[in-house]
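Structural overview
Residues per chain, in single letters:
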Amino acid sequence: MSLTRRKMLRLAGGAAVALPVASALTGCSDGGGSTGAVRRSRARTPAPFRTPLPVPSVLKPSRTQGGVDYYDIVQKPAQVEILPGTKTEIWGYNGQFPGPTLATRSGRPIVVRHTNELEVPVAVHLHGGRTPPEHDGFPTDLILPGSGWEGHDTHGGDLSRGSREYHYPLEQPAATLWYHDHRMDFTGPQVYYGLAGFHLVHDEAEDNLPLPKGERDIPLMICDRSFTADGAFDYPAVDPSLKGEHGVTEDFMEGVLGDVILVNGAPWPVLEVDAARYRFRLLNASNARRYRLALDPGPQSGSAFVQVGSDVGLLGRPIGHDEIQMAPAERFDVVVDFSKFPVGTRIDMVNKLDDGDTGKVMQFHVVRKASDNSRVPTKLVDFEPLSRSSATVTRKFDFNQRSDDGWDINGKAYDPERDDAVPELGATEIWRFDGDAHHPIHLHLAHFQVLSRNQNDPGPYDSGWKDTIDLESGKEMEIIARFTGYRGRYVFHCHNLEHEDMGMMANFRVR
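Residues numbered from 1 in each chain as written. Predicted model: local features only at pLDDT ≥ 70, side-chain atom pairs only at ≥ 80, totals over all residues. Heavy atoms only, no water.

A word on the environment of Leu-315
Here Leu-315 shows up in strand β21 (residues 313-321). On the accessibility criterion, Leu-315 (3% relative accessible area) is buried. When the C-alpha positions of Leu-315 and Asp-333 are compared, they lie 9.4 Å apart, and in sequence the two are 18 residues distant. (Helix = DSSP H or I, 4+ residues; strand = E, 2+ residues; numbered from the N terminus. Buried < 20%, exposed > 50% of the residue type's maximum accessible area, 1.4 Å probe, protein only.)

What follows is the structure, given as structure tokens:
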């Protein structure tokens with residue numbers, strides 16, 4: 001596949017690329033689709049809406065000392081049943097996929113000790129966390145295997161052997177965060193193999209809201225995977241051992257799209273629900289796939305989804321949506337009112353950016369009437385909008401394909417020793433982005449708000465405090481970010497993980 005051919009296809013629609021044999025084209029339009037190629041499963045895949053939705057277990061602290069909660073997580077391989085009747089090897093936090101959920105309190109610090117029982121280095125990033133730089137999961141700050149490491153160069157980072165403690169102050173409001181692997185050059189395959197989990201931060205302001213709680217507050221990790229004939233995850237790595245050369249085979253450098261949709265690690269699951277309101281914490285944990293979620297059938301009145309939260313916090317006021325478009329790494333906290341549907345109704349959550357099986361996500365089955373004292377108030381939390389006049393610096397970043405073997409920012413591939421921006425601690429800055437494909441852009445440390453899309457107002461899914469934004473192909477946008485918390489070196493990058501692994505990442509250093 002030539003670079004010229006890829007560029008021609010982008011100009012034709014900006015949403016899809018030429019695909020290899022045994023693959024299929026993704027949706028193709030300026031407003032939709034995904035940048036990537038589909039990897040077709042060779043395993044027999046199940047019929048949708050047969051598997052019950054699993055909910056990840058909540059991890060309890062191993063001890064509490066001095067007002068700090070301590071957790072222990074072991075990263076290890078495990079054999080789990082994803083496709084019915086077949087075992088798949090995952091790399092899991094505590095051998096789970098998704099990993100165990102951490103449920104924590106704003107302002108109460110925690111320490112998470114990660115032990116690496118895999119055969120490759122790992123790094124852990126708390127995505128959306130406001131975290132000191134030495135605990136942020138910088139891509140070269142690796143936990144080497146306890147059994148030793150004789151693979152490729154480790155790029156000179158802060159290395160630990162066997163285990164490492166991550167300290168999280170959690171000086172931030174209630175939000176749906178997640179944690180995942182962040183090893184330089186190999187984030188894509190290691191997340192694909194299962195290294196991802198939820199981290200939910202709670203606070204008093206959230207507690208005092210009458211939103212659905214308990215068993216009606218459910219995190220949903222949505223991702224896509226492909227499987228070999230024997231049920232293994234089928235990732236097109238150049239070096240399947242992940243010990244040598246990084247990257248994917250040429251046909252997949254635009255991004256890896258699976259043909260099986262998983263929610264909380266289960267293929268196209270079904271959830272039995274009461275005729276009541278539920279809060280769903282939606283996370284797009286795919287490497288490259290975008291989703292436009294909708295309900296089929298939708299409610300006869302009102303919006304299908306009432307958004308109450310964005311990436312890193314609750315909104316000031318709820319927003320109704322009939323559809324929600326999500327790029328990789330984005331989160332949307334939404335309330336769905338199943339009392340609007342008769343008992344017995346089956347409601348499909350669909351992905352309107354695709355058709356066939358990848359156009360299906362999961363199903364809800366309304367099975368009983370129930371009491372419900374929850375509601376969505378007209379005001380959620382106090383929200384401070386940032387204004388252009390508060391910004392002291394404006395920076396411009398172009399996200400583009402560098403060549404047949406990589407991607408870059410402002411014409412430069414990632415160098416862990418180079419700083420591409422140096423904001424002052426406490427500063428507010430405007431950052432302008434444009435790109436040649438769909439690029440979900442993630443800033444570590446700095447939370448931000450969206451100012452504009454293509455010199456117009458922000459889009460319908462841009463509200464609230466964000467840490468990841470969906471930069472659409474051929475478009476430009478502006479964000480306004482506040483660099484508070486800590487001095488030190490952090491990264492920003494495309495969260496299409498194949499793009500990130502092939503150079504589309506840069507450092508900023510807060511001074």
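A word on the pairing of strand β13 (residues 217-225)
Where burial is concerned, most of β13 is hidden: nine out of the nine residues are buried. Neither face of β13 is exposed, since Asp-217, Pro-219, Met-221, Cys-223 and Arg-225 on one face and Ile-218, Leu-220, Ile-222 and Asp-224 on the opposite face are all buried. Where β13 lies against strand β18 (residues 277-284), six bridges are found, and the strand directions are parallel. Looking across to β18, one finds that Pro-219 is bridged to Arg-281. Here β13 pairs with strand β15 (residues 260-263) via four bridges, running antiparallel. When the sheet's bridge partners are listed, Cys-223 is paired in β15 with Leu-262. (Pairing = 2+ DSSP bridges.)

So, the environment of Ser-390
One can find Ser-390 in the loop between β25 (360-369) and β26 (393-403). Only 2.6 Å separates the side chain of Ser-390 from the backbone oxygen of Ser-387, close enough to count as a polar contact. (Polar contact = N/O pair within 3.5 Å; in protein donor to acceptor, adjacent residues only side chain to side chain.)

A look at unusual backbone geometry
At the junction of Phe-97 and Pro-98, the peptide bond is cis and its omega measures out at -5 degrees in the coordinates. Note on placement: Pro-98 falls in the loop between β4 (87-93) and β5 (99-105). With an omega of 0 degrees, the peptide bond running from Asp-296 to Pro-297 counts as cis. Relative to the assigned elements, Pro-297 resides in the loop between β19 (291-296) and β20 (305-310). Although it is not a glycine, Asp-185 adopts a positive phi angle of roughly 75 degrees.

Digging into the sheet that holds β13
The pairing of strands in a sheet happens through backbone hydrogen bonds and is either parallel or antiparallel. With respect to topology, seven strands assemble into an open sheet ordered β16-β15-β13-β18-β23-β20-β21, the strand pairing being mixed. The open sheet terminates on both sides in strands that have one partner only, identified here as β16 (266-267) and β21.

Quick notes on the sheet that holds strand β33 (residues 476-482)
Within the open sheet, the five strands sit side by side as β27-β26-β29-β33-β31. Their pairing is mixed. Strands with a single pairing partner mark the edges of an open sheet, and in this sheet they are β27 (406-409) and β31 (447-453). Between one strand and the next, the sheet's axes are offset by a mean angle of 25 degrees, whatever the strand orientation. As paired elements, β26 and strand β29 (residues 428-435) share seven bridges and run parallel to each other. Residue Asp-398 lies in a different strand from β29, and its bridge partner there is Asp-434. (Axes fitted to C-alpha atoms, helices over the stretch in contact; angles between N-to-C directions.)

Looking at the packing of aromatic side chains
On inspection of all chains with the given rule, the structure shows 27 aromatic pairs. Pairing Tyr-192 with Tyr-193 gives two aromatic rings, centres 6.5 Å apart and planes at 80 degrees, and the pair type is edge-to-face. Each member of the pair, Tyr-192 as well as Tyr-193, carries the same accessibility label: buried. Ring geometry for Tyr-490 versus Phe-508: centroids 5.8 Å apart, planes at 20 degrees, classification stacked. With Tyr-490 in strand β34 (residues 488-494) and Phe-508 in strand β35 (residues 505-510), the pair connects residues that are 18 residues apart, well separated along the chain. Both residues of the pair, Tyr-490 and Phe-508, count as buried. Note that Arg-164 overlies the ring of Tyr-166, its terminal NZ or CZ placed 5.7 Å from the centroid. Lying over the aromatic face of Phe-233, Arg-225 brings its terminal NZ or CZ to 6.0 Å of the ring centre. (Phe/Tyr/Trp six-rings, centres within 6.5 Å; stacked < 30°, edge-to-face > 60°. Lys NZ or Arg CZ within 6 Å of the ring centre and 35° of its normal.)

Focus on the nonpolar core
Counting residues in hydrophobic clusters, the biggest one holds 124 residues, and the most contacted among them are Phe-280, Phe-338, Phe-364, Trp-431, Phe-433 and Leu-443. Look past the residues within four positions of Trp-431 in its chain and what remains in contact with it is Arg-395, Phe-397, Ala-421, Leu-443, Met-477, Glu-478, Ile-479, Phe-483, Phe-492 and Phe-508. If you look at the next biggest cluster of nonpolar residues, it comprises eight residues, including Leu-211, Leu-315, Leu-380 and Val-381. (Core = buried A, V, L, I, M, F, W, Y, C linked by side-chain atoms within 4.5 Å. Contact = heavy atoms within 4.5 Å.)

Quick look at the UniProt feature "domain: Plastocyanin-like" (unreviewed entry) in the chain
Residues annotated by UniProt as "domain: Plastocyanin-like" (unreviewed entry) correspond here to residues 78-149, 162-205 and 398-511. In residues 78-149, helix accounts for 0% and strand for 43%; the two terminal C-alpha atoms are 21 Å from one another. Secondary structure over residues 162-205 splits into 18% helix and 45% strand, and the C-alpha atoms at its two ends are 39 Å apart. (UniProt positions renumbered as here; feature names shortened; annotations may be inferred.)

What to know about the pattern of salt bridges
If you walk through the whole model with that rule in mind, you get 41 salt bridges. One salt bridge connects Arg-42 with Asp-234, and the closest N-O pair in it is separated by 3.2 Å. Here Arg-42 is found in the loop between β1 (37-38) and β2 (63-65), whereas its partner Asp-234 is found in the loop between β13 and β14 (256-257), with 192 residues between them in sequence. Here Asp-234 falls in the buried class, since its relative accessible area comes to 6%. Between Glu-323 and Arg-292 there is a salt bridge whose closest N-O contact spans 4.0 Å. One end of the pair, Glu-323, is in the loop between β21 and β22 (324-326); the other, Arg-292, is in strand β19, and 31 residues separate them in sequence. Three or more residues are tied together by salt bridges with common partners; here these are Arg-216, Asp-274, Arg-277, Asp-337, Arg-368 and Asp-372. (Salt bridge = Lys/Arg side-chain N within 4 Å of Asp/Glu carboxyl O.)

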